[in-house]
There are 2 protein chains.
Amino acid sequence: MRKLFLIITLISLFSNLTTAFAQEQSSKPKQFVHTVFFWLKNPDDQSARASFEKSLTTFINNSKFIQTKHLGVPAATNRDVIDRSYTYCLSLTFRSKADQDKYQAEDLHLVFIKESESLWKKVLVYDSESIL
Amino acid sequence: MRKLFLIITLISLFSNLTTAFAQEQSSKPKQFVHTVFFWLKNPDDQSARASFEKSLTTFINNSKFIQTKHLGVPAATNRDVIDRSYTYCLSLTFRSKADQDKYQAEDLHLVFIKESESLWKKVLVYDSESIL
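A few points on the structure. On a predicted model such as this, the values are computed, not experimentally measured, just so you know.

The rules we used
Residues numbered from 1 in each chain as written. Chains lettered and ligands numbered in written order. Predicted model: local features only at pLDDT ≥ 70, side-chain atom pairs only at ≥ 80, totals over all residues. Heavy atoms only, no water. Helix = DSSP H or I, 4+ residues; strand = E, 2+ residues; numbered from the N terminus. Contact = heavy atoms within 4.5 Å. Phe/Tyr/Trp six-rings, centres within 6.5 Å; stacked < 30°, edge-to-face > 60°. Buried < 20%, exposed > 50% of the residue type's maximum accessible area, 1.4 Å probe, protein only. Lys NZ or Arg CZ within 6 Å of the ring centre and 35° of its normal. Least-squares fit on C-alpha atoms with pLDDT ≥ 70 in both. Pairing = 2+ DSSP bridges. Axes fitted to C-alpha atoms, helices over the stretch in contact; angles between N-to-C directions. Salt bridge = Lys/Arg side-chain N within 4 Å of Asp/Glu carboxyl O.

Our next topic: the side chain of Thr-35 of chain A. Looking at the secondary structure, you find Thr-35 of chain A in strand β1 (residues 32-40). In contact with Thr-35 of chain A, other than residues within four places in its own chain, are Cys-89, Leu-90, Ser-91, Leu-124, Val-125 and Tyr-126 of chain A.

Below you can see the structure in the form of structure tokens.
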């Protein structure tokens, strides 16, 4: 009788644990990657580049919601499938879509756009939510 | 005389430190972000998706050179500048271009391509090296 009680207790405990784990999995925020490519109107204009970089780094260095950040330029790699026509790549990660939504509305973001939008001719954004 | 000696010593020390700092900066490897978008031929085919995801995650979970990884699908965001037509986004970071070059040549990478290339109709790659 004591053994049966022990077995039932263990089964109940295991069941609760797996339910809790499933809930944790389903409620776990999905990492959000926000990738932005900028094509400047005059990519060879060093003064325009310096202005853009200063404005953007001031923003991303002070945003409250960014998890990790990367600001880069086309790498030296060159294959048929690679697009290296852009001027700048901004790749940001956020803990969740909610954080990215807040980042979009930050005052510093609006300042950056106001300061720099006259410098670019095209912006292309890819937003992705993790499935891992 | 002793004061002069002290000043010269301090100037020399400062000069050495700034030279060392400049060398450190210039030799520091630049973070490399490798962003790949896949458009599957049949994005609604759940069996094709499962096969692709299994093949790709087996590779990226076992690569020796990846620093951070993100595999995702289009987020719910939707603005004019956002391209959400792709099926999968793979965003990988590497400590350097050299690491990414080694990743390209990994056996597991070649296995993934062989297993999965019949599933996609288009691949688009953006490689970026950090300027921060």
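Now for the packing of aromatic side chains. The geometry of an aromatic ring pair is captured by the separation of the ring centres together with the interplanar angle, meaning the angle of the planes. All names here are of chain A. Under the counting rule described, the total for this entry stands at 31 aromatic pairs over all chains. With 5.2 Å between their ring centres and 50 degrees between their planes, Phe-38 and Trp-120 make a pair best called tilted. With Phe-38 in strand β1 and Trp-120 in strand β4 (residues 120-130), this residue pair connects regions lying 82 residues apart in the sequence. A single burial state applies to Phe-38 and to Trp-120, both of which are buried. Grouped by ring-pair contacts, the aromatic residues Phe-32, Phe-38, Phe-52, Phe-59, Tyr-88, Phe-94, Tyr-103, Phe-112 and Trp-120 constitute a single cluster. One residue, Lys-122, lies across the ring of Trp-39, its end atom 4.3 Å from the ring centre.

It is worth spelling out the relation of the copies chain B and chain A at this point. Expressed as a screw operation, the relation of chain B to chain A combines 0.1 Å of axial shift with a rotation of 180 degrees, fitting to an RMSD of 0.2 Å. Here the transformation between the copies is reduced to the relation of a two-fold axis. The residues that chain B uses at the interface reappear at the interface of chain A in 100% of cases, marking a shared surface.

Another point: the sheet that holds strand β2 (residues 68-74) of chain B. Taken in spatial order, the eight strands of this closed barrel run β1(A)-β3(A)-β2(A)-β4(B)-β1(B)-β3(B)-β2(B)-β4(A), and their pairing is antiparallel. For this sheet, the mean angle separating the axes of adjacent strands, direction not counted, is 30 degrees. Both β1 of chain A and β4 of chain A contribute to a ladder of nine bridges, which runs antiparallel. Paired with Val-36 of chain A across the two strands is Val-125 of chain A, which belongs to β4 of chain A.

A separate point is the pattern of salt bridges. Residues and elements named next belong to chain A. This model, assessed by the stated rule, comprises two salt bridges over all chains. Across the salt bridge formed by Lys-97 and Asp-101, the nearest N and O atoms sit 3.0 Å from each other. Taken together, the residues Lys-97 and Asp-101, both in helix α3 (residues 97-104) and four residues apart, mark about one turn of the helix. The exposure class of Lys-97 is partly exposed, given its relative accessible area of 24%. Exposure remark for Asp-101: the relative accessible area of 34% places this residue in the partly exposed category.

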